[in-house]
Amino acid sequence: MKLAFIGFGNVARAFARLLRSQRARLEDAHDLRCRTTGIATASHGSVLGDDLDLDETEERIEAGSSLSGLTGSVGAEDSLAVIESCGADLIFETTPLNPVDGEPAIGHIRRAFDLGMSVATANKGPLAFAYRDLLEMAKRNRVGFRFEGAVMDGTPVFNLVRECLPAVTVEGFSGVLNSTTNYILTKMEEGRSFQDALAEAVGLRIAEANPAYDVDGWDAAVKAVALANVLMGADVRPRDVRRKGIGSISEDEVKRAAASGAAMRLIASAERGDKGLRLIVEPRRVPLSSPLGIARGTSSVLVLKTDLMGEITIVESDPGIEQTGYALLSDLLSIHEFFKRRPIEWRRVKA
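Residues numbered from 1 in each chain as written. Predicted model: local features only at pLDDT ≥ 70, side-chain atom pairs only at ≥ 80, totals over all residues. Heavy atoms only, no water.

Draft legend 1. Representation of the packing of helix H6 (residues 125–141) against helix H11 (residues 218–231) within the structure. Between H6 and H11, the shortest axis-to-axis distance is 7 Å and the interhelical angle comes to 25°. If you check the angle between H6 and H11, you find them roughly parallel. The way H6 lies across H11 gives a crossing that is left-handed. Judged by residue contacts, Leu127, Ala128 and Tyr131 of H6 engage Val222, Val225, Ala226, Asn229 and Val230 from H11. Its residues assigned to classes, the contact of H6 with H11 comprises seven nonpolar, one polar and no charged. (Axes fitted to C-alpha atoms, helices over the stretch in contact; angles between N-to-C directions. Helix = DSSP H or I, 4+ residues; strand = E, 2+ residues; numbered from the N terminus. Parallel < 35°, antiparallel > 145°, perpendicular 65-115°, else oblique. Left-handed = near helix turned anticlockwise from the far one by under 90°. Contact = heavy atoms within 4.5 Å. Nonpolar A, V, L, I, M, F, W, Y, C, P; charged D, E, K, R; others polar.)

Okay, structure coming up:
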């Protein structure tokens, strides 16, 4: 498969390292060989080639250097030029989240679909702002569309429902989905101040580039919308979420909750009612022994409420960037296996 990268930040580089370390397994177990034909970045330039060296790309980016002159490459003007000229089978879209409208990621994905390319993304913006349209577009163009890394890193959430829960309806969910706020709240349980815990989260690179997206509940709201759109068939936007962040929670409030056997957590939830779907992101006091209360530090928890299987709880313990990189690997294999099963359609798309 010919691959191209739109964005080559921490997630894409973690995935590139997995491609290297798992090369023999991918060939032997999945009959999959890959080469890279395009890379676009915002700060280091964009290039095209027949088989670009991802190790050299990573070295240049981590050294702060330009991709200009990368072995076997020619320059490209920007990300759209890479998409239009790379001839890839699969595009990895890993640009940063834009919580306002999901661009430019949505535009990148649309253009790739237009050209008959499949897409795997770790960006939750397209799911929150254009999932239904993108899914229909992927179906019309007979291409793959995967996004396991958009929520809970590489932990199988979307794949679990898609592949393992046939005939099950997801009726609602509740979850601790934002690592930064959870880290802050658990540090406050240990006696740290809000500001000290936030500064530590920023220093550890847990927080978004703008930590207000975490603290004010925007990141959790976008994830809640992504889950509702994909798992519940909704067509909602982040503005539809009733949202409250953790900025007003005092240290005393956190300590009182802990003393009573409870914990303060930023909870994202969805439930269907008489007036339709209700999406809420807000701090709540939950029992420490509950699935939501056990999430500490950067861990995440998601409780799916289903019609046929009752409640299913998914726990992710202290993930790192490698787990999100794995999500792209699982998406790659999912799309690869999909087209192995449908060779006629694959040939028609690529003709």
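Draft legend 2. Focus on the layout of surface pockets. Size it by volume and the second largest pocket reaches roughly 330 Å³. Lining the second largest pocket we find 17 residues, and of these Leu19, Arg23, Cys34, Arg35 and Leu54 sit closest to its centre. If you list the elements that add at least two residues to the lining of the second largest pocket, you get helix H1 (10–21), helix H2 (23–30), strand S2 (35–40) and helix H3 (54–62). The class makeup of the residues in the lining of the second largest pocket is eight nonpolar, one polar and eight charged. (1 Å grid on protein atoms, 1.4 Å probe; cavity = no way out; pocket = protein on both sides within 12 Å on 5 of 7 lines; lining within 4 Å. Points joined across faces, edges and corners; volume = space filled by probe spheres on them.)

Draft legend 3. Representation of the side chain of Arg237 within the structure. With respect to the secondary-structure elements, Arg237 resides in the loop between H11 and strand S9 (242–243). Arg237 sits in the buried class, given a relative accessible area of 17%. A polar contact is formed between the side chain of Arg237 and the backbone oxygen of Phe129, at a distance of 3.2 Å. If near-sequence neighbours (up to four positions away) are discounted, Arg237 is found in contact with Ala128, Phe129, Val225 and Asn229. (Buried < 20%, exposed > 50% of the residue type's maximum accessible area, 1.4 Å probe, protein only. Polar contact = N/O pair within 3.5 Å; in protein donor to acceptor, adjacent residues only side chain to side chain.)

Draft legend 4. H6, seen in detail. If you look at H6, its biggest bend is around 90°, right at Tyr131. Residues Gly125, Pro126, Leu127, Ala128, Phe129, Ala130, Tyr131, Leu134, Met137 and Ala138 constitute the buried set of H6. On its buried face, H6 is in contact with helix H5 (105–114), strand S7 (145–146), helix H7 (158–164) and H11. Taken from the residues just after H6, Arg142 is the one with a positive phi, measuring 55°. (Bend = angle between axes of the 7 residues up to and from the residue.)

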